[in-house]
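Coordinates in review
So you can see what is in the structure, the chains are spelled out below.
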Amino acid sequence: MANDNSTIKRFESFFEGFIFWSRWVQAPLYTGLIIASFFYLYKFFEELLYMVKYTTMWNETKMMLSILGLVDISMVMNLVVMVTIGGYSIFTSRIDVDMHDDKPLWLEGLDAGQLKIKLATSLASISGVYLLKTFIDYRNEVQKTSPEGIVIEIVIHMVFIVSALLLSQTEKITHSYHAAHAPNVKSGHDDEDHEH
C-alpha cells in the first residue's frame, strides 16, 4: 500500500511538473508576434514613403487620413509589444528588468487583470482611430454646411467625449486597484513606532 502511494506521488509530481513546463508552449507564439511586428514596421515605412510622395497633391483631409493610418499602425504595434512582453512575463517566465533604466512604466505591478485592462484600453483607442477615419470619409460625402453634415460633426464630438470619459473612468479604476494592492509602508512604520 505504501508502495502504491509512493508511485502515485511520483506520477503526480511528474505530471504537475509537466503541466508547469507546458507554459513554454506559448514562447513560440510570442516569437511569432515579434517577427510579425517587423513586417508591420515595413508596412509603416511603406505608408510613410507613399505619403511623402503624394503630399503635395493631397488636400488636408487626405493628409489627415494618411496620418491617422500611421497612428493606427503605431497603436497596433504598441498592442503587440504589450501582449508579447506582458503575456510572456505573466504567463511564461518573469522578465528580470526591475533594475533596468529603460523599464517601461506600464510594467510596474503588472498582473493578468491589469494586462486585460491595458489591452482593452488599447483596443478601444485603435477602434476610436478607425471610427474617426470612417467619420471623416463619410463627412466628405455630404456637404459640411448641410444639416446632415452638422449632425455628423455633433455625433463625432459626442462619441469622443463619451470615449474620453470611459477611458478616464478606467484609469481611475486602475489607480484604485494599484492603491489597494500596494504595500502599506506607512502603517508598518507606525507599528514600529508604537513598539518603541
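Details of the structure are given in the entry above.
So, here is what we can say about the structure in this document. Quantities reported herein were computed from a predicted structural model and do not represent experimental measurements.

Quick notes on the rules
- Residues numbered from 1 in each chain as written.
- Predicted model: local features only at pLDDT ≥ 70, side-chain atom pairs only at ≥ 80, totals over all residues.
- Heavy atoms only, no water.
- Salt bridge = Lys/Arg side-chain N within 4 Å of Asp/Glu carboxyl O.
- Helix = DSSP H or I, 4+ residues; strand = E, 2+ residues; numbered from the N terminus.
- Expected span 1.5 Å × (residues − 1).
- Buried < 20%, exposed > 50% of the residue type's maximum accessible area, 1.4 Å probe, protein only.
- Contact = heavy atoms within 4.5 Å.
- Core = buried A, V, L, I, M, F, W, Y, C linked by side-chain atoms within 4.5 Å.
- Patch = residues over 30% accessible without salt bridge, like charges linked within 9 Å, V, L, I, M, F, W, Y side chains within 5 Å.
- Areas by Shrake-Rupley, 256 points an atom, 1.4 Å probe, with all protein chains shown as cover.

What follows is about the pattern of salt bridges. Counting across every chain of the model gives one salt bridge. Here Glu46 and Lys43 are joined by a salt bridge, their closest N and O atoms 3.2 Å apart. Of this pair, Glu46 and Lys43 both sit in helix 2 (residues 27-54), three residues apart, which is roughly one turn of the helix.

Next up on the list: helix 2. With 28 residues, helix 2 should reach 40 Å at 1.5 Å per residue; the first-to-last C-alpha distance of 41 Å fits that figure. Residues of helix 2 that are buried: Ala27, Tyr30, Ser37 and Met51. If you follow the buried residues of helix 2, they end up packed against helix 3 (60-92).

Residues Leu65, Leu68, Met75, Leu79, Ile126, Val129 and Ile136 constitute the largest nonpolar core, which totals seven residues. Elements with a minimum of two residues in this core: helix 3 and helix 4 (112-141). Take this core: its biggest share by element is four residues, from helix 3. With near-sequence residues (within four places) excluded, Met75 lies in contact with Ser125, Ile126 and Val129.

A few words now on a nonpolar patch on the surface. Nonpolar side chains collect at one region of the surface, where Phe11, Phe14, Phe15, Phe18, Ile19, Trp21, Trp24 and Val25 lie side by side and expose about 880 Å² of accessible area between them. Among the secondary structure elements, Phe18 is positioned in helix 1 (residues 2-21).

Shape descriptors only; they carry no functional weight alone.
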